[in-house]
Amino acid sequence: MYTIIGTWKMVYPGLEEAARMLKEGVCAGDAVVHTVRRVEDDPELSSVGYGGLPDREGRVFLDAAYMDGNTLRVGAVLSAENIANPILAARLLCGRKTDCILAGHGAERFAVAQGLPMRDMRTESSMKRWRDTVAEESFAAGAYRGHDTVCVLALDGDGRMAVGTSTSGLFMKEPGRVGDTPLIGSGFYADARYGAAAATGLGEDIMRGCLSYEAVSLMRLGASPEAACREALAHLAGRLGELGESPENISMIALSPDGEFGAATTLPVFPFAVGNEKGSVLYAANIYTKPDIHVAADDEIAHID
Ligand code: GLY
């Protein structure tokens, strides 16, 4: 038995390949890294890796994390520039007992020392978007402009679980800003005994509820992945509501040790992809409504954004 689940439509091509790899016996960690890397390498995907969203100064800084659900070890890079595949650096760091989370220059130096590929992550298109925005008279510093993080959870045939996340963070972010994506418990968490979870959306809100750890804790107490995502998200939304706030766009995915999966979102529609013995499918979750999880036919996939 194996299952792999990932956020957004952009994850689908790599996830489909990774599902085939899992079928052939590849471990969960390799499947996760393959899927995330595929997104990082695609210059057309504008909020992760190459061609990612620039900060206010027109530089692309990336965050990524990897967690092994069987050892609870974690690795992460924060605010790292020019690392072609931040997920590879995060996975290598995951083997370490200390110094497993590196930021900025330290992360870049580690990647170079490990012989990982380095590149200028800016593309013509990402820089045009930055120049156009800087030129906007109405440019508002700190405004949330939407973005997508790639999050992938996998379970392999030997019961191993792994999580990977990667993002360029918010467009026009303050230099040095870090969101939830590389933060254990907020952007991701995995304990192979209970399950794995990850979040995408506005990191500043996600981390206020430690959403991924919360979802895995709920699974530890017996909740299904679907119920855990919904309850974690509903709890945060309720708490923010008491404080007179509403959560920005937040979506979650979760996976149990028996291959059951679930998702929840504050968006009208949140696409996510799943691969298992039944094949690979792009789904769309609506806010808090399990029965409305919709199995997209092949010809519908192109219409989900
Ligand atoms: N969720 C990604 C970020 O806020 O940077």
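Above this text you will find the structure in question.
Within each chain, residues carry numbers counting from 1 in the order of the written sequence. Where totals are concerned, whole chains, interfaces and linings use all residues; where local detail is concerned, this predicted model gives features only for residues with pLDDT of at least 70, and gives and counts side-chain atom pairs only at 80 or more. Side-chain measures here rest on the full set of heavy atoms in the structure, leaving out hydrogens and waters.

**Let's talk about helix 3 (residues 86-93)**
Then, number 1: With respect to burial, helix 3 is a largely interior element, six of its eight residues being buried.
Then, number 2: To sort residues, take the accessible area from a 1.4 Å probe on protein chains only and compare it with the maximum for the residue type: under 20% means buried, over 50% means exposed, and anything in between is partly exposed. Numbering of helices and strands runs from the N terminus; a helix is a DSSP stretch of H or I covering at least four residues, while a strand is a stretch of E covering at least two. What helix 3 keeps buried is the set Pro-86, Ile-87, Leu-88, Ala-89, Ala-90 and Leu-93.
Then, number 3: Pairs of residues are marked as contacts when any of their non-hydrogen atoms sit within 4.5 Å. Of the surrounding secondary structure, the elements contacted by the buried residues of helix 3 are helix 2 (28-41), strand 2 (61-68), strand 3 (73-81), strand 4 (101-103), helix 4 (104-113) and strand 6 (161-167).

**Observations concerning the packing of aromatic side chains**
Then, number 1: Each pair of aromatic rings taken from Phe, Tyr and Trp, with Trp reduced to its six-membered ring, is defined by centres within 6.5 Å and is described as stacked if the planes are under 30 degrees apart, edge-to-face if over 60, and tilted in the remaining cases. Tallied over the full model, the rule gives six aromatic pairs.
Then, number 2: Seen in terms of ring centroids, Phe-270 and Phe-272 are 5.8 Å apart; in terms of plane orientation they differ by 25°. Their pairing is stacked.
Then, number 3: Under the relative-accessibility criterion, Phe-270 is labelled buried at 0%.
Then, number 4: Look at Phe-272 and you get buried, because its relative accessible area is 0%.
Then, number 5: An aromatic cluster of at least three residues, connected via ring pairs, comprises Trp-8, Phe-261, Phe-270, Phe-272 and Tyr-283.
Then, number 6: We note Arg-119 situated over the ring of Tyr-50; from NZ or CZ to the ring centre the distance is 3.6 Å.
Then, number 7: The ring of Phe-171 has Arg-129 sitting right over it, with the charged end atom 4.8 Å from the ring centre. We call a charge positioned above a ring when the Lys NZ or Arg CZ atom is no farther than 6 Å from the ring centre and deviates by at most 35 degrees from the ring normal.

**Quick notes on helix 1 (residues 12-23)**
Then, number 1: In this model, helix 1 (twelve residues) spans 16 Å end to end at C-alpha, consistent with the 16 Å of a helix rising 1.5 Å per residue.
Then, number 2: All of the buried residues in helix 1 are Tyr-12, Gly-14, Leu-15, Ala-18, Ala-19 and Leu-22. The arc that holds the buried residues of helix 1, viewed along the axis, is 150°, so those residues lie on one side. Multiplying one less than the number of residues by 1.5 Å gives the expected span of a helix. The directions considered for the arc are those from the helix axis to the C-beta atoms.

**Considering the sheet that holds strand 7 (residues 188-191)**
Then, number 1: The sheet built from four strands is open, its strands ordered 7-8-9-10 with antiparallel pairing. One side of each edge strand has no neighbouring strand; the edge strands of this open sheet are strand 7 and strand 10 (261-265). Sheet twist, expressed as the average angle between the axes of neighbouring strands with direction ignored, equals 10°.
Then, number 2: By the convention used here, strands pair only if DSSP detects at least 2 bridges between them. Pairing between strand 7 and strand 8 (residues 195-201): four bridges, direction antiparallel. Within the sheet, the bridge partner assigned to Phe-188 lies in strand 8 and is Ala-198.
Then, number 3: Strand contacts of helix 7 (residues 211-220): strand 7, strand 8 and strand 9 (250-255), with the helix running at about 150° to strand 8, the strand carrying the most contacts.
Then, number 4: Between N-to-C directions, angles cover 0 to 180 degrees, with each direction set by a line fitted to C-alpha atoms, over the stretch in contact for helices. Contacts from helix 8 (residues 225-242) reach strand 9 and strand 10 within the one sheet, and its direction differs from that of strand 10 by about 20°.

**Focus: the pattern of salt bridges**
Then, number 1: A pairing counts as a salt bridge when a side-chain nitrogen of Lys or Arg comes within 4 Å of a carboxyl oxygen of Asp or Glu. The tally for this structure, following the rule as stated, stands at 14 salt bridges.
Then, number 2: With a closest N to O distance of 3.3 Å, Glu-174 and Arg-56 form a salt bridge. Within this pair, whereas Glu-174 is found in the loop between strand 6 and strand 7, its partner Arg-56 is found in the loop between helix 2 and strand 2, the two being separated by 118 residues in sequence.
Then, number 3: On the basis of relative accessibility, which here comes to 45%, the residue Glu-174 falls in the partly exposed class.
Then, number 4: Between Arg-122 and Asp-120 there is a salt bridge, with the nearest N and O atoms lying 3.0 Å from each other.

**Considering the packing of helix 1 against helix 2**
Then, number 1: Packing of helix 1 against helix 2 leaves a shortest axis separation of 8 Å and a crossing angle of 160°. Relative to helix 2, the element helix 1 is oriented roughly antiparallel. With respect to the hand of their crossing, helix 1 and helix 2 are arranged in right-handed fashion. Taken together, the residues of helix 2 that come into contact with helix 1 (itself represented by Pro-13, Gly-14, Leu-15, Glu-17, Ala-18, Met-21 and Leu-22) are Ala-28, Asp-30, Ala-31, His-34, Thr-35 and Arg-38. In what follows, roughly perpendicular refers to angles from 65 to 115 degrees, roughly parallel to angles under 35, roughly antiparallel to angles over 145, and oblique to any angle outside these ranges. Handedness of a crossing follows from how the near helix is turned relative to the far one, being left-handed for an anticlockwise turn of less than a right angle and right-handed for a clockwise one.

**Some remarks on the side chain of Glu-81**
Then, number 1: Following the sequence through the fold, Glu-81 ends up in strand 3.
Then, number 2: Excluding residues that lie within four positions of it along the chain, Glu-81 makes contacts with Arg-59, Val-60, Phe-61, Glu-108 and Met-118.

**Observations concerning the packing of helix 2 against helix 3**
Then, number 1: Two elements in contact, helix 2 and helix 3, have axes separated by 8 Å at closest approach and are oriented at 150°. The angle between the axes of helix 2 and helix 3 places the two elements in the roughly antiparallel class. Contact residues: helix 2 offers Gly-29, Asp-30, Val-33, Val-36, Arg-37 and Glu-40, while helix 3 offers Pro-86, Ile-87, Leu-88 and Arg-91.

**Some words on the pairing of strand 8**
Then, number 1: Among the seven residues of strand 8, seven are classified as buried, and the element is accordingly described as predominantly covered.
Then, number 2: With burial as the criterion, each face of strand 8 is covered, one bearing Gly-195, Ala-197, Ala-199 and Gly-201 and the other bearing Ala-196, Ala-198 and Thr-200.
Then, number 3: The turn joining strand 7 and strand 8, which pair antiparallel and follow one another in sequence, is formed by three residues.
Then, number 4: One ladder, built from six bridges, connects strand 8 with strand 9; its direction is antiparallel. Its bridge partner being in strand 9, Ala-199 is matched across the sheet by Met-252.

Spatial relationships are all this shows, so hold off on functional conclusions.
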